[in-house]
Amino acid sequence: MFLRDLLKNSIKIFLCTIVFMVSPKVVAQLKHESKTVEMTALDESQVPELIGKIETYNFTIDRSHFLLERGYDVSVIEKALPDIEKKIKGFKKRFEKNGQKKNLRSLNSTVILLGEISDNLNSYKTLVSGYCDQLAKSNEKLKKILADQELKVQVQDSALQSQLTDVLTEANELNKSQKKVLAKLNLLRSRVSINLFETQDLSSDMVYLSISKKINMWTQEESPLLEANIKQYESSYFDIVIKSLERSGKILMIYLSNKINIIFLSLLLFTGITAWMLSNKRRIKKLEDSESILGQLKFLKKSVIIGSAFGFFSYVTFLFGNPPMSLLHTFEIFRLVLLCFLLLPFLTEQAKVIWFSLFVIWFFYAIDDVLLDSAFGERWALFVAGILLLTLCIKIIRNRTHLLIEVESSPATKVLVVFTIVQVILSLLFNLTGRLSLAKIFGVSAVQCLVLGISLKVFCTIIIEAIYLQTEAYQSSRFSNFINFKERQHRVVKYLWLLASVVFLISLARNITLYDLLTNFCADFFNAERSIGSYKFTFLSIAIFIFILWLSSVISSFISFFFSEEAALTGKRSGLNSMMLLIRLAIWTIGFFIAVAAAGIPIDKLSIMLGALGVGIGFGLQNIVNNLVSGVIIAFERPIQIGDQIEIGNKSGVVKEIGVRSSKIHSAEGSDIIVPNGDLLSQHLINWTMQDRSKRIEFIIGVPYSTDVEIVRKLIGEKLATNEKILELPKPAIIIQDFGEYTINIKTLLWVADLSLAGQVRTEAMIDVKTVLAEAGINLQVRPLS
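Residues numbered from 1 in each chain as written. Predicted model: local features only at pLDDT ≥ 70, side-chain atom pairs only at ≥ 80, totals over all residues. Heavy atoms only, no water.

## Comments concerning the overall build of the protein
Summing up its helical and strand segments, the protein has 25 helices and ten strands in all. Per-residue burial over the protein gives 39% buried out of 786 residues. In the protein, the proportion of contacts linking residues at least 24 apart, taken out of those at least 6 apart, comes to 77%. A total of about 45,500 Å² of accessible surface is found on the protein, and carbon and sulfur atoms cover 62% of it. (Helix = DSSP H or I, 4+ residues; strand = E, 2+ residues; numbered from the N terminus. Buried < 20%, exposed > 50% of the residue type's maximum accessible area, 1.4 Å probe, protein only. Contact = heavy atoms within 4.5 Å. Areas by Shrake-Rupley, 256 points an atom, 1.4 Å probe, with all protein chains shown as cover.)

Put into structure tokens, the structure is as follows:
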């Protein structure tokens, strides 16, 4: 039994050994046979196709390799993320620790900063996601290359076989590299997404807390002022001020670090405006009447740079969109200091005291507006500041004398001061009843409104003075004539005051923490979809449509003014207006289609509208369309041009303007005649200057029958030849008109080079003829009295 088992095991071992020794050779033989089969399976006709595929794959690999080396640079994001994560952690830590103690200003500033961080993270996420998608598509192409079985065949050509091997090797290495980079990008995208989620979540919590505080601020927050005790407050007023100023500085650094482009743009704008005004003022100083011109200035007369800097700090806040209050107050400090320099020469002694008192009160409210916590000293300081501001406002109203010298007082001053008084009284009442948030909001808003009103008055005056400098520096330029400052000054003032009112309302909404509500309301109002029947629209699309049409009209008027010639004054014929008419029509047409596209009006709706318009044209707008089409025909055929002397019906004059619907003729009496373009084509039109400006004039004299007619003709011809204004060719013609009852009538025909001289030359010629005939003893015959 034992021997039998031993024999069986020995046989098994022997067989396994043989199989082990033979199997590699069998496998090798099988592979060799397989390769031989593959090699023989590759037809020579397939070689060109394989070569083309290798070239295509090499191009794909090279491009993917290039993008991998230079196209997926995220170093900026990797450098920025640690700082962003640090800021988010700091905001989150402070919110968890002191979130409920934060006031509305602090919450709003933090929400703005988180919004900036969120915008940056969104842009980072978009960039990284784009890289990931691009890299994933590139990797899919590489996988197709590696999976292509035609690259794994053996060919007899060693060079081709080497190319196949290189393609597979490079594709395999590039695939590994791409997977590493893709993993890195996916990790970075996840990191950005997590930070974005935390930022948005933290911002949402702060927004909800702000809403809660806005709702609860009408309830009593602290003890009434007269019952307040210093022990109820944790920190002193001085400590709170120091901490708040330090935090405000950090907020400014964080916010401005992401606004380098806006800072550069604003400084560039300031430099350009300042250089423009300085150039105009320098040019005016070279004129003879420079003192009288500059004497009309108020604020720019002292210093253009200070005036420009004041304007810069007035409009720069709107370039930042919705900045934190710390930045707003910083800009306002600079603006207020510059305003002091501008107003100081125009203030009376009493007004100087009021103004500097107002400056100190404003400075207190600006600091109080950024405080994080409340203090016992702050509440009493807020009460005293309110009383002082109320006293100043009452003094301004009761003062019957002007507080300004050489500067007109604004009619809105009393309304502004009364509005300030109302807010100050509310601030005092809320402070007395323990509603500190409302007391600070209305106190800050009161002083801000008063100072802003004064600033806007000075700012609008500076704009008017800047336009005045431009028009006076270039009195003879076409641009100054286009502006026509003297005629449009009152209109410009109205527009500026309208703009100032909008700015005032925006600032008021920002002061009383209703800016977000105002922007959301405007966004909903303009973006909400409305419908009339089946047509849907938004007020924003209508506003865009009207704005683009208005802009097209302005550009058309601008081109028409600058490129047309005042031929009525120069007396020269010009065909430029016909070309300008076509250009204006093109601008209006292009503007209309751009307005349609920008407003999002569907083409099918537009075709329906045009069809309805066509029906209206057919019934009620025939004359208007006739004049419009006639204007186009006149522009192409040019039967008349600017400067032509024409007669149509009983009207005559010089063509001053060829418009789209009508043309303007300047008559000899000085009036402008508006003639519809349809009449210019439908009626008989006499154009005296279509070919040239020469004109024939004539007059008739009568001589007695006893006069030698040939001598008369000779004398007249010789005399007319001495007049240089009469053309030699055609030569003057002196002919016998007819034999009258008492005289022989002699008609004289002569030509002048310019029809504008026709009357003068005719008068001179008649005087010369009478004189020469009188000297020869020939009297002109007149009809006897009986």
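## What about the sheet that holds strand β4 (residues 651-658)?
The five strands lie next to each other as β6-β5-β4-β3-β7, forming an open sheet whose pairing is antiparallel. Each edge of the sheet is formed by a strand with only one pairing partner; in this case those strands are β6 (672-676) and β7 (685-687). This sheet shows a mean twist of 40° between the axes of neighbouring strands, independent of strand direction. Note: β4 against strand β5 (residues 662-666), four bridges, orientation antiparallel. (Pairing = 2+ DSSP bridges. Axes fitted to C-alpha atoms, helices over the stretch in contact; angles between N-to-C directions.)

## Focus on helix α6 (residues 237-257)
The end-to-end C-alpha distance of α6, which contains 21 residues, comes to 30 Å, matching closely the 30 Å that a straight helix rising 1.5 Å per residue would cover. Looking at α6, one finds that the buried residues are Ile 240, Val 241, Ser 244, Arg 247, Ser 248, Ile 251, Leu 252, Ile 254 and Tyr 255. All buried residues of α6 project into a common sector of 165° when viewed along the axis, lining one side. Pointing more than 90 degrees away from the buried face of α6 are the exposed residues Phe 238, Lys 243, Glu 246, Lys 250 and Met 253. Along its buried surface, α6 packs onto α3 (75-98), α4 (104-146), α10 (325-343) and α11 (349-369). (Expected span 1.5 Å × (residues − 1). Arc of directions from axis to C-beta.)

## Describing the packing of helix α12 (residues 376-398) against helix α13 (residues 413-432)
Contact geometry for α12 and α13: axes closest at 9 Å, N-to-C directions at 155°. One way to sum up the angle between α12 and α13 is to call them roughly antiparallel. As α12 packs across α13, the resulting crossing turns out to be left-handed. Residue-level contacts link Arg 379, Leu 382, Phe 383, Gly 386, Ile 387, Leu 389, Leu 390, Cys 393, Ile 394, Ile 396 and Ile 397 of α12 to Val 417, Val 418, Thr 420, Ile 421, Val 424, Ile 425, Leu 428, Asn 431 and Leu 432 of α13. Among the residues forming the contact of α12 with α13, the class breakdown is 16 nonpolar, three polar and one charged. (Parallel < 35°, antiparallel > 145°, perpendicular 65-115°, else oblique. Left-handed = near helix turned anticlockwise from the far one by under 90°. Nonpolar A, V, L, I, M, F, W, Y, C, P; charged D, E, K, R; others polar.)

## Looking at the sheet that holds strand β10 (residues 744-752)
With antiparallel pairing, three strands are arranged side by side in an open sheet as β8-β10-β9. Among the strands making up the open sheet, the edge pair consists of β8 (695-703) and β9 (733-739). Between one strand axis and the next, the sheet turns by 25° as a mean value, whatever way the strands run. Pairing between β8 and β10: nine bridges, direction antiparallel. Within the sheet, the bridge partner assigned to Ile 700 lies in β10 and is Lys 747. Strands β8, β9 and β10 of the sheet are contacted by helix α24 (residues 709-721), whose axis makes an angle of about 20° with β10.

## Regarding the side chain of Asn 139
With respect to the helices and strands, the residue Asn 139 is situated in helix α4. By relative accessible area, Asn 139 is classed as buried at 5%. Ignoring any residue separated from it by four or fewer positions in sequence, one finds Asn 139 in contact with Asn 175, Gln 178 and Lys 179.

## Examining the environment of Ile 587
As for its placement among the helices and strands, Ile 587 is situated in helix α20 (residues 576-599). Owing to a relative accessible area of 17%, Ile 587 belongs among the buried residues under this scheme.

## Section: the packing of aromatic side chains
One pass over the full model with this rule turns up 19 aromatic pairs. Between the aromatic rings of Phe 313 and Phe 331, the centroid separation amounts to 6.0 Å while the plane-to-plane angle is 45°, which identifies the pairing as tilted. Here the residue Phe 313 occupies a position in helix α9 (residues 304-315), and Phe 331 occupies one in helix α10, the gap between them amounting to 18 residues. Residue Phe 313 shares its accessibility class with Phe 331, and that shared class is buried. Residues Phe 313 and Phe 334 carry aromatic rings whose centres are separated by 5.2 Å and whose planes lie at 20° to one another, so their mutual orientation is stacked. Of this pair, Phe 313 sits in helix α9 while Phe 334 sits in helix α10; the two residues are 21 residues apart in sequence, bridging distant segments of the chain. Chaining the aromatic ring pairs together yields one cluster made of Tyr 255, Phe 270, Phe 312, Phe 313, Tyr 315, Phe 320, Phe 331 and Phe 334. (Phe/Tyr/Trp six-rings, centres within 6.5 Å; stacked < 30°, edge-to-face > 60°.)

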